[in-house]
Structure formats: structure tokens, C-alpha cells
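So the chains spell out like this:
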Amino acid sequence: MERLELKDFLKYHFISHLKYNEDGSICVFSLSECDEEENGYRNNLYMLKDGNCRALTQSGKDGQYQFIDLTTLLFISHREGKETDEEKTSFYKISLDGGEAVKAFDIPFLVSSFEHISKDRYLLAVQYNKDYSYGDDISLKEKCLKHKKEENDYKVFTKIPFYFNGAGFLGNTITRLYLYNAELNELSAITSDEIDISSYHLNEDKSEVLFVANEVLNKPTSKNGIWVYSFENKTASVLLPEKEYYVSDAFYFMDQILFLGNYEWKHGMSENERFFLLDHSGRISLFYNNELSVWGTVGSDCRYGGGQSMKVDKENFYYLSTQNEDSVLMTINANKECYEAVHISGSIDCFDVYDGKIVFVGMKDGKLQEVYEYCNSQIIQKTYFNEEVLKNKYVSDYEKVHFVNDGINFAGWVLKPKDYDPSKKYPAILDIHGGPKTAYGKVFYHEMQVWANLGYFVFFTNPRGSDGRDNEFMDIFGKYGTIDYDDLMVFTDAVVKKYPAIDEKRLGVTGGSYGGFMTNWIISHSNRFRCAATQRSISNWLSFYGTSDIGYTFAQDQIHGNIFDSYEKLWEHSPLKYAKNIQTPTLFIHSDQDYRCPLEQGLQLYTAMIDLGIEARFVLFHGENHELSRSGKPKHRIRRLEEITAWMEKYLK
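Residues numbered from 1 in each chain as written. Predicted model: local features only at pLDDT ≥ 70, side-chain atom pairs only at ≥ 80, totals over all residues. Heavy atoms only, no water.

Participant: Explain the pairing of strand β35 (residues 502–512) residue by residue, including any values.
Facilitator: Burial analysis of β35 places 9 of its 11 residues in the buried class, which makes it a mostly covered element. Judged from the 6 bridges that link them, strand β33 (residues 426–432) and β35 form a sheet pairing that is parallel. In the sheet register, D431 faces β35, and the bridge partner there is T510. The handedness of the β35 to strand β36 (residues 531–535) crossover, carried by helix α5 (residues 514–523), is right-handed. (Buried < 20%, exposed > 50% of the residue type's maximum accessible area, 1.4 Å probe, protein only. Helix = DSSP H or I, 4+ residues; strand = E, 2+ residues; numbered from the N terminus. Pairing = 2+ DSSP bridges. Right-handed = clockwise from strand over helix to strand, strands pointing away.)

Here it is as C-alpha cells:
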């Protein structure tokens, strides 16, 4: 077996956004791959038909798409060159029967998603800025562009959040719905600039659109509203007013509205959504008292792009759910019967369904992403993009470790080092996931496999606070660094006991986001680990409140403290408070555009360590955000993993 190399991820293929056409005879998906030379990603569209897979586009710059008939796609492409200050989105058409893509039209907005309504009519979700977006009023174009350039050196805030991870500084930007008639080249807004759209869905005959929205305020409410717009009447009406329910999404279902959300939060803002029905009279009834996740949250550093995670198909509602360590496809029918539609060992990342036939992107049995079809109770692999890259490479098996803490049964996993010899002693790395409401499972993780190939044991688990179990298990609010810390330490004990080849004096720890917080907490409460690498971390809940894009809600919700009358609770759970206890050499990884766990969070603890004479190293990545390890520029992802690996090598070998 050859060694899996750090740079091998440059050869991986990432699959996303797959859909059936209207009769289920063709499936299209997006395929992405790293472009090291350009330090970016190439994205093309592919088609599956009659068991054959072929590329539809080759520009490397093609993204969101929709079927406009059985054999024609309309898609967004950036093949015309570099972005400018001008807001513009270019659309192309291509026939699935063959031929080149042709330019269809341009939209004078940044379009984030779109739907085909009929013939030449389209529904567009656009990023609309009250200060700069001129839309179809060409007479305003030069004036708005000039104003935008002049204001580039200034940021004016009038509301929170004032920036958002991956989106940058928000200013007066909202998501707004527009109707576009390509034949007449007419563009018209169907929602006002006083509400911000979070999701939308067309009804079956595409005569109206259902959408979830918030009123634009200086501090948006967490309880949003449900609206409907009629294309015939050209009117929008409120179906569910704001400030009544926390709504994550809403769908047309059995002549009613099915929405996911909660009336109140017993377990905080991460509480699993329940399913409600809203009828035409406005009456709301609980449809299904769900206690488990309605999202697929099993982590990996080998994905790029998203895709459909929920869909109504006739009288069935399909959705992804994290069940223990797997992301599975669930369905609930009109009779309120909820069951697994497809369950694999690993993660279903996105899916589509047509008349009971299901196609999905999966990371199955520890492998990289491929497309699978589920039909007649059989799972059939349809693509083999990632078979060759791992051929003859050492990929460590996932060995499960069971342990008990506080009377609760847990499971974790261990990856053995390449050429493992039980008579030798090996270093080991504890890897902690983010969230905290996400999960680890039997899913390929490049960084972990690289370390196993370099001679490390790698171990990881889902402590309390993780996804995959019920709300009670997920609820660690006000307990950060207590019961979750205990779970991780008991797990470490169990792993060391089960694998005597692990050298207890050569343990490393790393994690990102919540995993970075826990890394900071561990080194400030234990000297068990010889070195640590903390990534995009939290060290001070007091400053997190005012600097993170979610800080003003997340800090109070998760820690049960606020800066006004219980700041001591925030400080109690801040690793920075305990910095004097740290003796562990620590590497800090952070990005300057990380607005989720802002740069200052890492800088504060790093400064404290240097001030106290503790060895530390800080690596700052310019132009990256919270997603550095998952979708950052390829060269930056290489450097990040090189830095962490070198740090572990320095102290553990």
C-alpha cells in the first residue's frame, strides 16, 4: 500500500447539486475539483442518462442550473472573466442532446439562486443593496457604480449583524425575489426591500411562490414569517406573521403548508425543529413531534458545494437527518408515518427523488463522494470519479470504541497508523469537531487519514452537545467545558487503554470552531497533551458577543450569560480566564475574514501565552473565512495542513 499524501486532496472530485429532470430519465450534477495553479476550483456540469455519465460543460466556471424542459438546462456561468464592481449574472443554455452552451441573457444583479416558471419566465433570488443595486434602470448604473467605488473605503453600520461569514460586510444588502421575462427582457421585483428572504418554493403548477422572510430591522427577530405571492394577482400576503414561530423552512404539502420550526425553545436555538401544518384558514397544528435532527451534519473536509436536503414528492416529505453517526434520508407521509427512506454507513450529502426513485450524493463506507441510485431497495453506485485516486493508497479502517460516562453510552473511532506494529509505540492525535451540534462518523476525513499515513493514531468522538441524538443530548447550554470536556477525557482514557501501542506521553489535540474552543479549554485545564493546534477558535465569550456575526444571539443562548447582568457567566466559560494554567505548546490557525469566530479570539489567547512565556505560533490566512479547511483556496488548505502536521511532528516524534 502506498502512502496517502497531504496534497492528494488536489486530485479529489467533489459532487453537489444533483437533480432529476421532469420525467426522471436524466440526472444532472455539479462536479468540482481543485485548480492548484489558479488557486481555486473548477466547476462543471455532468449528466447521468441510461447508465452513462458524461460532461456537459468544460469551462470550469459553471454553477447553479435548472431544467427548462426535459433536455435543456439554463445555468449561471462566470466564463466571461473576472468580477468587477458591476453587479451582473450571466446565464447560458445547453442542450442535453449535445452541442455547445450559448449565452441566454444577463441579469443586472448578483443572483444567488433561481427557478424556471414557464417558457421564458424565471423567479430570481438576488442580493439586493439599497445603496448600489440599480437593477434594470440603466440610467442609474454609472451613478451607483461611482458611489460604490467611493464607499469602498468606508463601512457604515446601522444594524446587526453587520457582517456575515462568507458574505462579508452586509451594509444594506438583503435577498429579494424578482420575476424575469426573458422574451420581453423585463425584470420586476415581487418582494419589497423591507423584507429579507431566507427560503422560497414554487407550488406544483408554479402559479405562486411560498417564502420565509424577516422584516428588515436594525436587529432582526429570530421568529420569522411565511408569505405567499400570486403571479396572476401580483400580490403578496402573510400566511404566518413574524414573532410567532421560529421557522427554518416552509413547503407546499397536501394542499396545506408544512413548516419546520418551533414555537418556543426549551433547548435553545439549536433545538431540533418540529413539523407543523398551516391550513388555508390560518390554523396551525402539530404534524410531527420530531426529536431528531432534520439536517445532515456528519462532518468531512472532502466536500465542496451543497444541494437539496429537503423535498416534497407527492404525499411524502423527504429530508436529511443525522442519526447517531450517519446522515440518512428520512420521509414522512400524509399519515404521519416517519421512517428511513435510505440509510447508508456514512453520509448522504444531497438528494433528489422522482416517483419513489432516489438519487443521492453519498460518502459511503469511508469512501469519497460518489453518486448513487436507490431503487427497489437496492443501492447502486452510478459514478466512480474518486475510485482511482485512492487506489493502492492506505486508508485506515474505522475501529469503533465504546465507552460510558455519567451513565451514558458513547462511541468513538480510532484510525490506526500505516504499517501498524503492535509491538511499537506511536503518537496519537485527538481531533474535535465543530458545532458543537455536528457529528463525526464513518466518513472520509483527509486530514485524519494523512496523519494515520504519517504514523499517528487518530481518534475522535461525539461528546454531549453533538448532533445525532435527541435534544437532551444536544443541550449543553450553560455547560460548555464541563460535561463535554469530561466526555472527551473519558474517551481519551478508553482509547489509550484499548490501544497500549499509544504512547501516553505523545498525545496531541486539535479542533476547529467549537473544536477550537474545546482545544483551548483542554490546554487551560489539563497538561495531558504535549502539543495542540487550535483553529478558528473561541477564547473569550465576552468579546465574542460583540464581534461574531452570530455573537449577540449565540453567546447568550449557548452560555446562558450576557454582558449586561451576567457577564461573569460568560467569563467563567472563557478559556482566556484560565490562560495562566497553560503549559502546552500551541499552534493557532485563523483567517482574517472569519466573522464567525473572529480573528481577535485567537489573538487574545495567543497574546496571553506569549506574555506568560508559553511557546505558541500564530498563522494568519489572508482572504479566508471560517471555511478555510473545507473550501478555502487550495494552496491555503495545503499550507494549513502542513502547519498543523509540522507542529505535531515537532512535538510528538
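Participant: Provide a residue-level description of the sheet that holds β36, including the pertinent values.
Facilitator: Here 8 strands make up an open sheet; going across it, the order is β31-β32-β34-β33-β35-β36-β37-β38 and the pairing mixed. Of all strands in the sheet, those with a lone pairing partner are β31 (399–405) and β38 (616–621), marking the two edges. On average, each strand axis in the sheet is tilted by 20 degrees relative to the strand beside it, whichever way the strands run. (Axes fitted to C-alpha atoms, helices over the stretch in contact; angles between N-to-C directions.)

Participant: So, the pattern of salt bridges: which residues are in play, and what are the values?
Facilitator: Inspection of the entire model under this criterion finds 33 salt bridges. For R3, the salt bridge goes to E5, with nearest N and O atoms at 3.5 Å. For the salt bridge of D487 with R464, the shortest nitrogen-to-oxygen distance reads 2.9 Å. Of this pair, D487 sits in helix α4 (residues 483–498) while R464 is found in the loop between β34 (457–461) and α3 (471–474), placing the two residues 23 residues apart along the sequence. (Salt bridge = Lys/Arg side-chain N within 4 Å of Asp/Glu carboxyl O.)

Participant: Quick one: what's the story with the state of the cysteines, residue by residue and with numbers?
Facilitator: The full count for this structure, using the stated rule, is 0 disulfides. Not part of a disulfide, C350 finds its nearest cysteine sulfur in C27, a span of 9.0 Å. On the basis of relative accessibility, which here comes to 1%, the residue C350 falls in the buried class. (Disulfide = S-S within 2.5 Å.)

Participant: Residue-level account of unusual backbone geometry, with values.
Facilitator: Across the junction of I160 and P161, the peptide omega takes the value -5 degrees, indicating a cis bond. Mapped onto the fold, P161 is located in the loop between α1 (141–150) and β11 (163–164). Cis geometry is found at the peptide bond from G435 to P436, where omega equals 5 degrees. Residue placement: P436 occurs in the loop between β33 and α2 (446–453). The backbone phi angle of K119 is positive, close to 45 degrees, even though this residue is not glycine. Relative to the assigned elements, K119 resides in the loop between β9 (110–118) and β10 (121–129). Phi at D419 is positive, roughly 60 degrees, even though this residue is not glycine. Here D419 falls in the exposed class, since its relative accessible area comes to 61%.

Participant: Before we move on, could you go through the sheet that holds strand β7 (residues 89–95) and cite the residues and values that matter?
Facilitator: Reading across from one edge, β5-β6-β7-β8 is the order of the 4 strands in this open sheet, with antiparallel pairing throughout. Unpaired on one side and paired on the other, β5 (62–69) and β8 (102–107) mark the two borders of the sheet. Averaged over all adjacent pairs, the angle separating strand axes in this sheet is 25 degrees, with direction ignored.

Participant: Account for the nonpolar core, with residues named and values stated.
Facilitator: Ranked by internal contacts, the top residues of the largest apolar core, which has 53 residues, are I522 and W541. In terms of residue count, α4 provides more of this core than any other element does, 8 residues in total. Setting aside residues no more than four positions away along its own chain, W541 makes contact with Y480, F517, F554, A555, I559, L570, H573 and S574. Counting 43 residues, the second largest nonpolar core, distinct from the first, contains L6, F444, A452 and A533. (Core = buried A, V, L, I, M, F, W, Y, C linked by side-chain atoms within 4.5 Å. Contact = heavy atoms within 4.5 Å.)

Participant: Break down the pairing of strand β27 (residues 346–354) for me, with residues and values.
Facilitator: Summarising burial for β27: 8 of the 9 residues are buried, a large majority. The pairing of β27 with strand β28 (residues 357–364) spans 8 bridges and is antiparallel. Counted as the bridge partner of I348 is G362 from β28. Connecting β27 to the next strand, β28, in antiparallel fashion are 2 residues, including D355 with a positive phi near 50 degrees.

Participant: Outline α4, supporting the account with residue identities and numerical values.
Facilitator: Taking 1.5 Å per residue, 16 residues should reach 22 Å; α4 reaches 22 Å between its end C-alpha atoms and fits that length. For α4, the full list of buried residues reads I483, D484, Y485, D487, L488, M489, F491, T492, A494, V495 and V496. Looking at the packing, one finds that the buried side of α4 touches β31, β32 (408–415), β33, β34, β35 and α5. (Expected span 1.5 Å × (residues − 1).)

Participant: Help me get a handle on the packing of aromatic side chains, residues and values and all.
Facilitator: Following the criterion strictly, the structure yields 62 aromatic pairs and no others. Consider the rings of F588 and Y606, whose centres lie 5.9 Å apart with planes at 80 degrees: the pair is edge-to-face. Here Y606 lies in helix α9 (residues 599–611) and F588 lies in strand β37 (residues 586–591), a separation of 18 residues in the sequence. One aromatic cluster in this structure is built from Y480, Y514, F517, W521, W541, F544, F554 and Y578. (Phe/Tyr/Trp six-rings, centres within 6.5 Å; stacked < 30°, edge-to-face > 60°.)

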